[in-house]
Amino acid sequence: MKLENPNFAAPADADKRKAISPVICYPPETLQQPELTALAKLRRQSKKTAEVTAAPRDAACIDVPAGAFVRVLSVEGPQVGDLNMWNKHDLTERFYSGKTRALHGTHLSTGDRMWSSFPNMRPMATVVDDTLDWYGFDAFGGSVHDVIGTRCDPYTGRLLSGDDYHYCCHSNLTRALASHCDLPLHDAEMLVHDVLNVFMCTGFTRDTGQYFMKASPVRPGDYLEFYAEIDLIVGLSACPGGDCSSEHSSDVAACYPLVMEVYDPGEEARAAHVQPARSAYDRTHGLG
C-alpha cells in the first residue's frame, strides 16, 4: 500500500496533477448489449431440469447447456460463494475475472457479461437477474458480486499463518472439478481460476486502497441468475467464511449451503441460440 509518510516531496504542481480527470480504460459502449427483454421472456417458459448443492465449506459443479439458465440460490442463511466457469468442451477456456472487471466494473449485476480467457475472449454467460441489485454501493464503497478478489486459498493461508487449511474455496473448487470431470487432483487445480464472488460484499478502503469484506446482505431466497452463452461447467464453493463478516477461511464461522439450479427453455429454444464467436484476432502478435 502507499506510504503514510512518503520518502519524496510532492512537486509544486501536485494538486493540479491530482485534479486531472480520469479516463475509462475500456469504454464498453461498443459492446453488443444483451437482449434482456427477450431473455426474460425465455426465462418465463423455462423449467427446472437440474439442481446441485454446494455444502458448507465444500463445492459442487453442474453442467449448463448453451441457451439455458443457471441460478445461484441462498437457501438457509447468509452465505457467500466463489464461482468458476469453464467451457464444457475445452476446460482451458475459462472465466476471465480481470478482463470482466475491466469491461464492466468491480461488481457485476444484471446485463453484465462474464468473459472467457484468451485467446477466446467471448461472453460465457450473461447476468439476467440479481435480487441484491438494490444494494448498489454503500458509504464504505462496498458492493456485492465482485470480480476484484481472487479466492481464499491454502497457499496464502500458509504464507500468512504458517498453517495448512484444506477447505478454502480454491481447494473446494479443485476437488469439485476433479470429481465432476474425473481428473487427477493436480490437473484440476491448474484449471481453477479467479472467481466471481457471489453475494460477497467487498470494496477498497478509501485511505489505503486495501481490499475489504463486510457482512453480506444476502438472505435466504436471494439469487443471482445467468444465461449460458456456451455449454458450461459451473463450479461453486460455499466459502468457509460464511457471510465473510469476520474472516474467510474458518472452521468456526457460521456457514450454510448454496444451491445451483438449471432452468431449460426447451430444446427448440436452445437450438435457436447463437453462441458467441471466439475472438477474431489473428494471433500473429506483430510477426505475421
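To keep things clear, this report deals only with the structure shown in the data block. Fair warning: this is a prediction, and the values are worked out from it, not measured in the lab.

As a further point, take the overall build of the chain. From N to C terminus, the chain includes seven helices and 13 strands. The C-alpha radius of gyration computed for the chain amounts to 20 Å, which stays within 12% of the reference 19 Å derived for 288 residues, consistent with globular compactness. Over its C-alpha atoms, taken along the principal directions, the chain stretches across nearly 65 × 50 × 45 Å. The proportion of buried residues among the 288 residues of the chain is 49%. Put simply, the chain shows about 15,200 Å² of open surface, and 54% of that area lies on carbon and sulfur atoms.

Because each turn of an α-helix spans 3.6 residues, side chains separated by three or four positions in sequence point in the same direction. Where helix α4 (residues 154–161) begins, one side-chain oxygen reaches toward the backbone nitrogen of Tyr155, 2.9 Å away; that side chain belongs to Asp153. Downstream of α4 by a residue or two, Gly162 has a phi angle that is positive, lying close to 80°.

This next bit is on the pairing of strand β2 (residues 59–64). Taken across its six residues, β2 has five buried, putting it largely inside the fold. Here six bridges tie β2 to strand β12 (residues 232–238), and the two strands are oriented antiparallel to one another. By the bridge assignment for β12, Cys61 is matched with Gly235.

Here we come to the sheet that holds strand β7 (residues 123–130). Spatial ordering of the open sheet is given by β1-β13-β3-β11-β7-β6, a layout of six strands whose pairing is antiparallel. In this open sheet, the two strands that pair with only one neighbour each are β1 (47–54) and β6 (113–115). Adjacent strand axes in the sheet meet at a mean angle of 25°, parallel and antiparallel pairs treated alike. Relative to strand β13 (residues 258–264), strand β3 (residues 69–74) is paired through six bridges, and the arrangement is antiparallel. The partner of Ser74 across the bridge, within β13, is Leu258. Packing against the sheet, helix α2 (residues 36–44) makes contact with β3, β7, β11 (223–228) and β13, and its axis sits at approximately 80° to β3.

In globular proteins that are soluble, nonpolar side chains generally tend to be buried together. Of all hydrophobic cores here, the largest spans 44 residues; its most connected members are Val64, Leu83, Met85, Leu196, Phe226 and Leu232. Top element by residues in this core is strand β9 (residues 196–204). It accounts for five residues. For Met85, the contacting residues outside a window of four places in its chain are Glu93, Arg94, Phe95, Met114, Met124, Ala125, His193, Phe226, Leu232, Ile233 and Val234. Ranked by size, the runner-up nonpolar core spans 13 residues in total, among them Trp86, Leu177, Ala188 and Val195.

Cut-offs used in this document
Residues numbered from 1 in each chain as written. Predicted model: local features only at pLDDT ≥ 70, side-chain atom pairs only at ≥ 80, totals over all residues. Heavy atoms only, no water. Helix = DSSP H or I, 4+ residues; strand = E, 2+ residues; numbered from the N terminus. Rg over C-alpha atoms; globule rule 2.2 N^0.38 Å. Buried < 20%, exposed > 50% of the residue type's maximum accessible area, 1.4 Å probe, protein only. Areas by Shrake-Rupley, 256 points an atom, 1.4 Å probe, with all protein chains shown as cover. Polar contact = N/O pair within 3.5 Å; in protein donor to acceptor, adjacent residues only side chain to side chain. Pairing = 2+ DSSP bridges. Axes fitted to C-alpha atoms, helices over the stretch in contact; angles between N-to-C directions. Contact = heavy atoms within 4.5 Å. Core = buried A, V, L, I, M, F, W, Y, C linked by side-chain atoms within 4.5 Å.

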